[in-house]
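Tertiary structure, described
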Amino acid sequence: HLQYPPGTETIYSYFECRGGAYQEVCFFGLQYYLKKYLCGPVVTAAKIDQAEAFCKVHFSNPVWGYNEKIFNRAAWLHILREHKGHLPVAIKAVPEGTVLPYKNVLFTMENTDPACYWLTNYLETLLVQVWYPTTVCTQSREQRKIITRYLQETGSDGVVVNGLHLFKLHDFGFRGVSSVESAATGGAAHLVNFRGTDTMVALAMAKEFYGADCAGFSIPASEHSTMTSWGRERECDAMRNMLDKYPTGMVACVSDSYDIFKACEEYWGTELRAQIESRDGVLVVRPDSGELPGIVLQVLDCLESKFGCQKTSTGHKLLPSCIRVIQGDGIDINSLELVLSKMKEAGWAADNLAFGSGGALLQKLHRDTQKCAFKCSHAIIAGEGVDVVKMPITDPGKMSKKGRLTLELKDGIWTTVTEGRGKPAEDRLVEVFRDGRLLVDDALDVVRRRSEGEEIAPSSAKSVEASCDDDSQNQLVEGMDVSKQPEMQELVLKCSNLENELSNKDGELRALSTRSKQREESFGQQMKQKEQESLRSRAEAEFTRHKLQHLQHAASAAGVVLPQLTQEAAQVPAANQAELQALQRRADDAEAAVSDLTRRLTAKTQEVDDTIRKHKTELQDLQDRASKSVAEANSQVSRISELQASCDMKDLELESLRAAAAAAAAAAA
C-alpha cells in the first residue's frame, strides 16, 4: 500500500496461462478458493490484531527496528467498519470447465472501494493457487485424449461409447502430494475428466464445493502389506483369498511381491484360472515394478499364454473379459503414451490396460508448467485511467497484457481483447464474486459438460451473502413454531446489532489508545527538543560569562595603565612638548578603550540576562503544556476505562441475549 502512486483509486489485474506444455487449458478450481477463503465477513478485529502482532515480529530488524507503516491497520479497520468484514473486490472469470487456448485471460479482479486499491494484488498469493487445479485438470484432460485416441485406433470404440474410458486413468496420488488440500483440489480437478480415484478427500471437496454427491468410484484392491503378510510360500493363498472375499465385481491384486511372471503363469494362469473364468466379474492384475514399456508387454504375453485372447475390429489382441491389467508404477503423461504406442505396435488393444498415476498426476507439475501469472493491466490514478504493462527486455515471453480486458469467442476462436477495446456485450468473462458474495455456484456435472464442449450458462449462487454467521442464525430460527419465529428473529437481530456495536466500540477504543499514545510521544519529543535547546542556551551563557571575564580583565588593565600614563606625563620637561602630546594621545586612547569596554560589557550583560529570562519563560511554558498533556492523557485513560466498562456491559448483555435465544429455541423445540 505504500508503493503505489499517490492518488491511486483502482487496481485491475488478471490471471492467465502465458504459455506452457499444453496449448489448451481447462480452467478449474476458482470456485473452491472463493467459497473457502473469501466469501462472507472474513476480516475481524481479532484477525487484524493477530496479523499486526505477527508483522511486528516478522518485519522487525535488530538494527533498524520496525516500521509501523508496514502493516496497514487503518485500511483493514476500514474494511471491518465500512464493509462489515467483506472484501471489496469484484472478480470476473471464464466459466469453470471451459477449454480455451493458453495466452488468454482466465479471470480478472479489481477493488470496488477506492480506499482499498491495494487489496487487488494483495490477494494474488491466494488466488494464483488456482494454477494447481487448473494445471492438473489440463494435464489430466490431455491424458484422456491420448487414451481415447489409442482405444479408437485399436478397435475399442465401444469402451468410449459406453463411457468406460473414464476409468482408464485411476488417481493414486493422495500419498504423493504435499498436503491434504493439494490432494483435494488436484484430485477433484482430475475428476473433471475421469471417474476413477482412490483420493477420498477429492470426493469430499467435490461434494462440499461443487455439489457432487459422489464424483468418483473405486474397486477393492490389495496392496503389498496384505499380500506379503501371508509369506512367500502362501502367496497363491493370498491371491485366492482376494477372489474368495470378493466373489463378484472388479477386484485388483498387486502381483509383483516376489515374481510377477510366476504369479501370472502359475498362480493366476494355472491354479486359480478356473475360479477367475467362472467368476462374475473382472480380475485386474497389477505389476508394480519393472521397466516400461517392456513389463506391460511381458505381463500381457504371460496372461495370453494361459487365458488366450480374441481380436478387435482392427485386428488387435484382447484378453478375455474376465481379466485385465493395470499399470500404476512410473506412469506420467509421457510414459502413458509410450506404453500405449508400444502396445499398439505389438498388436495389443488399448482396452487390455488401465493406468494408475500418483505423484506424476498430482505432484509432478508446477506453476510454470502452464506459465501461470497474475499481473496488473490497468489502474485509476487521481481519477484518470492508466493502462499498465510489464515488458522486460530480458524475457519477451513475460510481457503482460495491457489495459482492461474482454474474452471474446468468434467463429470458434477465443481472443483476449486488450486496452479496453473489447465489446462488453461479447465478453465471456462472468462476474463470479463481488464484495464478499459468491455470484456463481456451478455443480461439478456442469463443469464436466463444459469441458466436453457444451455451452452452459453459469449457475447463480443460492445465497449471495454466503455468510457463515447468517447461516448459523438462520438455522437457529429454522423449524421453530411460527408464533415464536418473530420473537427469535428479533433476538437474532438484536444480537447482531450488539456484535456490530461491540466491534465499533472496540475500534473506537483502539483509535483512542493510538491517539493518546501518539500525543504522548509527540510531547515527549517536544520536551526532549526543549531540553536540548536549554542545554545549548546554558552553554552559550557560560561562553558569554568567560568573555565578560576577559573584558573585565582588559578593563582592569586599562584602569592601571591610565594613571601611570598621567604620572609619566607630569614628569616630562616642558621642552619636550612633542613627547608630552604623544603621551596625552596614548592616555586619551586608553580612556576611550576603557569607555568602549565598559559599554560592551554592559550590553553583553544585558543580552545574557535577556536570554536567560527568555529560556526561563519557554521552560515554564513547556512545563505548563506538559502538565496539561498529562491531564489530557489521564482523561483519555479514564475514557478508555469507561469504554472498556461499556464493552464489558455489552458483552454481558450479549451473553444474556444468547442465553435467552437458546432458551427460546429449547422451548420451541
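Quick note: structure is the one above.
In this report, the structure presented in the accompanying data block is examined. Fair warning: this is a prediction, and the values are worked out from it, not measured in the lab.

The number of helices and strands found in the protein is 20 helices and 18 strands. Residue burial in the protein is summarised as follows: out of 669 residues, 43% are buried. The contacts in the protein between residues at least 6 apart in sequence include a share of 75% that link residues at least 24 apart. By element, 52% of the accessible surface of the protein is carried by carbon and sulfur atoms, the whole surface being about 34,900 Å².

Turning our attention to the nonpolar core. By size, the foremost hydrophobic cluster in this structure holds 133 residues, and its most contacted members are Leu30, Ile91, Phe107 and Leu127. Setting aside its immediate chain neighbours within four residues, Leu127 contacts Leu30, Tyr33, Leu34, Leu38, Ile91, Phe107 and Met109. Counting residues in hydrophobic clusters, the runner-up holds five residues, among them Ala252, Val282, Val284 and Ala354.

As summarised here, the arrangement of the five strands in space is β6-β12-β11-β8-β7, forming an open sheet in which the pairing is parallel. At either margin of the open sheet sits one strand with a lone partner, and together these are β6 (169-171) and β7 (248-254). Neighbour to neighbour, the strand axes of the sheet diverge by 25 degrees on average, direction disregarded. In this structure, strand β8 (residues 280-286) lies alongside strand β11 (residues 323-327), joined through three bridges in parallel fashion. Following the sheet pairing, Leu283 is matched in β11 by Ile323.

This brings us to empty space enclosed by the protein. Overall, the coordinates contain two cavities of 30 Å³ or more when judged by the stated rule. Residue assignment for the lining of the largest cavity shows that the elements contributing at least two residues are α1 (30-38) and β17 (430-434). Top element by residues in the lining of the largest cavity is α1. It accounts for three residues. Considered class by class, the residues forming the lining of the largest cavity number 11 nonpolar, one polar and two charged.

How each quantity is defined
- Residues numbered from 1 in each chain as written.
- Predicted model: local features only at pLDDT ≥ 70, side-chain atom pairs only at ≥ 80, totals over all residues.
- Heavy atoms only, no water.
- Helix = DSSP H or I, 4+ residues; strand = E, 2+ residues; numbered from the N terminus.
- Buried < 20%, exposed > 50% of the residue type's maximum accessible area, 1.4 Å probe, protein only.
- Contact = heavy atoms within 4.5 Å.
- Areas by Shrake-Rupley, 256 points an atom, 1.4 Å probe, with all protein chains shown as cover.
- Core = buried A, V, L, I, M, F, W, Y, C linked by side-chain atoms within 4.5 Å.
- Pairing = 2+ DSSP bridges.
- Axes fitted to C-alpha atoms, helices over the stretch in contact; angles between N-to-C directions.
- 1 Å grid on protein atoms, 1.4 Å probe; cavity = no way out; pocket = protein on both sides within 12 Å on 5 of 7 lines; lining within 4 Å.
- Points joined across faces, edges and corners; volume = space filled by probe spheres on them.
- Nonpolar A, V, L, I, M, F, W, Y, C, P; charged D, E, K, R; others polar.

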